[in-house]
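Read off the chains here:
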Amino acid sequence: TIHADADAACAVVAGELAALIRERQAAGRTVVLGLATGSTPVRLYRELIRLHREEKLSFRHVVTFNLDEYHGLPRTHPESYWRFMHEQLFDHLDIPPENIHLPDGTVPRAEVFGACRAYEEKFRAAGGIDVQILGIGRTGHIGFNEPGSGRDSRTRLVTLDALTRRDAARDFLGETNVPRHAITMGVGTILEARRILLLAWGEGKARVLADAVEKTPTDALPASFLQGHPGAAFHVDPAAASAL
Ligand code: GLP
């Protein structure tokens with residue numbers, strides 16, 4: 001869907017999430033959300049915070065699992081995704097802290113494999129992810145599934161692409177400070193979500209978005225695998241849609 005602008009897109013996406021949260025709450029059930037970081041979902045999170053404050057949308061029955069985390073960063077690091085999610089969303093909601101899950105970036109390498117399996121086990125035990133929110137990286141990554149990530153890849157430790165590290169350089173005050181590795185849900189993991197909502201704004205995403213939507217699915221562009229998911233939708237602004 002091409003919306004008038006990013007705010008209009010976020011109003012629609014937040015509306016879908018709010019309707020599901022309210023429906024489940026009325027039935028006494030939880031909702032499991034898969035969440036993303038980056039600048040793209042910030043407006044969506046702002047809109048969810050607004051709905052919480054102004055329209056009494058409660059997050060007490062919402063359980064969240066984030067897509068990814070930099071490897072080697074403690075939670076307290078200014079650029080950790082743990083910190084980002086708390087600052088941009090969780091600290092402003094009534095979500096119980098025990099409902100919040102992110103991959104642990106401090107797990108030693110030797111223990112990463114087990115930690116990734118345990119992470120997947122947790123959201124499976126919670127009933128699987130109802131709605132997964134995604135951005136898209138300029139390499140075509142979703143989460144941190146860089147080119148080369150297979151359709152069936154699972155949560156694992158990955159090496160970040162040079163372009164991804166360059167794009168993160170400003171936040172880290174220099175490319176040398178950007179971690180080289182991350183833990184990310186795999187493409188196969190993401191595709192198991194019942195609903196997937198990918199957001200993209202701005203001209204910088206136009207090329208990769210067009211390729212993701214129009215090219216034959218390939219692991220050279222992991223976002224293209226979303227074409228095969230019956231519950232996936234892309235919500236974009238006119239600039240991001242300009243190369244379609
Ligand atoms: C990071 C995140 C992705 C995100 C991407 C795009 O690499 N791991 O989940 O989609 O950045 O970032 P932005 O939304 O800032 O363009």
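Residues numbered from 1 in each chain as written. Predicted model: local features only at pLDDT ≥ 70, side-chain atom pairs only at ≥ 80, totals over all residues.

Named according to an unreviewed UniProt entry, the chain is Glucosamine-6-phosphate deaminase originating from Horticoccus luteus.

A. Representation of the overall build of the chain. Along its length, the chain carries seven helices and nine strands. Over its C-alpha trace the chain gives a radius of gyration of 17 Å, about what one expects of a compact globule, namely 18 Å for 244 residues. With the C-alpha coordinates of the chain rotated into their principal frame, the extents come out at 45 × 45 × 35 Å. Across the 244 residues in the chain, those meeting the buried criterion constitute 43%. (Helix = DSSP H or I, 4+ residues; strand = E, 2+ residues; numbered from the N terminus. Rg over C-alpha atoms; globule rule 2.2 N^0.38 Å. Buried ≥ 20, exposed ≤ 12 C-beta atoms within 10 Å, placed from the backbone.)

B. The arrangement of helix α2 (residues 42–54) in detail. Between its terminal C-alpha atoms α2 stretches 18 Å, which fits the 18 Å expected from 13 residues at 1.5 Å a residue. Those residues of α2 that fall on the buried side of the exposure criterion are L44, Y45, E47, L48 and L51. Buried positions in α2, seen along its axis, are confined to an arc of 160 degrees and lie on one side of it. When the buried face of α2 is taken as reference, the exposed residues oriented beyond 90 degrees from it are R53 and E54. Residues of α2 that are buried in the fold lie against α1 (6–26), α3 (81–88), β5 (131–134) and β8 (195–200). Once α2 ends, the next one or two residues include K56, with phi positive near 55 degrees. (Expected span 1.5 Å × (residues − 1). Arc of directions from axis to C-beta. Contact = placed C-beta atoms within 7 Å.)

C. Representation of the UniProt feature "domain: Glucosamine/galactosamine-6-phosphate isomerase" (unreviewed entry) in the chain in the model. Under the feature "domain: Glucosamine/galactosamine-6-phosphate isomerase" (unreviewed entry), the UniProt entry names residues 5–227. In residues 5–227, the share of helix is 36% and the share of strand is 15%. The end C-alpha atoms are 23 Å apart. (UniProt positions renumbered as here; feature names shortened; annotations may be inferred.)

D. Inspection of the pairing of strand β9 (residues 232–236) at higher detail. In the sheet, β8 pairs with β9 via five bridges, with the strands oriented parallel. Pairing of L198 across the sheet is with F234, part of β9. As for the winding sense of the linkage, the β-α-β connection from β8 through helix α7 (residues 206–214) to β9 is right-handed. (Pairing = 2+ DSSP bridges. Right-handed = clockwise from strand over helix to strand, strands pointing away.)

E. Quick peek at the nonpolar core. Core analysis: the largest hydrophobic core is formed by 68 residues, its most contacted members being I136, L198 and A200. The element best represented in this core is α1, accounting for seven residues. Contacts of I136, omitting those with residues within four sequence positions, involve I142, L198, A200, K205, V208, L209, A212 and A223. (Core = buried A, V, L, I, M, F, W, Y, C linked by C-beta atoms within 7 Å.)

F. Highlighting the environment of L48. Mapped onto the fold, L48 is located in helix α2. Along the backbone, L48 and A210 are 162 residues apart, and their C-alpha atoms lie at a distance of 28 Å. When residues no more than four places from it in sequence are discounted, the contact partners of L48 are A14, L17 and L89.

G. Up close: the sheet that holds strand β3 (residues 68–70). Here we have three strands laid out as an open sheet, ordered β3-β7-β6, and antiparallel in their pairing. In this open sheet, the two edge strands, each paired with only one partner strand, are β3 and β6 (156–159). Between one strand axis and the next, the sheet turns by 30 degrees as a mean value, whatever way the strands run. As paired strands, β3 and strand β7 (residues 181–184) are joined by three bridges and run antiparallel to one another. Bridged to Y70 within β7 is A182. (Axes fitted to C-alpha atoms, helices over the stretch in contact; angles between N-to-C directions.)

H. View of the site of the ligand. Around the ligand, the structure places 13 residues, and the nearest of them are G38, S39, T40, G135 and G137. Here the shell around the ligand is built from residues that sort into four nonpolar, eight polar and one charged. (Near = placed C-beta within 6 Å. Nonpolar A, V, L, I, M, F, W, Y, C, P; charged D, E, K, R; others polar.)

I. Region of the structure containing the environment of V63. Relative to the assigned elements, V63 resides in strand β2 (residues 62–66). For V63, a count of 21 C-beta atoms within 10 Å corresponds to the buried category. Sequence-wise, V63 and I129 are 66 residues apart; in three dimensions their C-alpha atoms are separated by 9.3 Å. Ignoring sequence-local partners within four residues, the contact set of V63 consists of T30, V32, N99 and A126.

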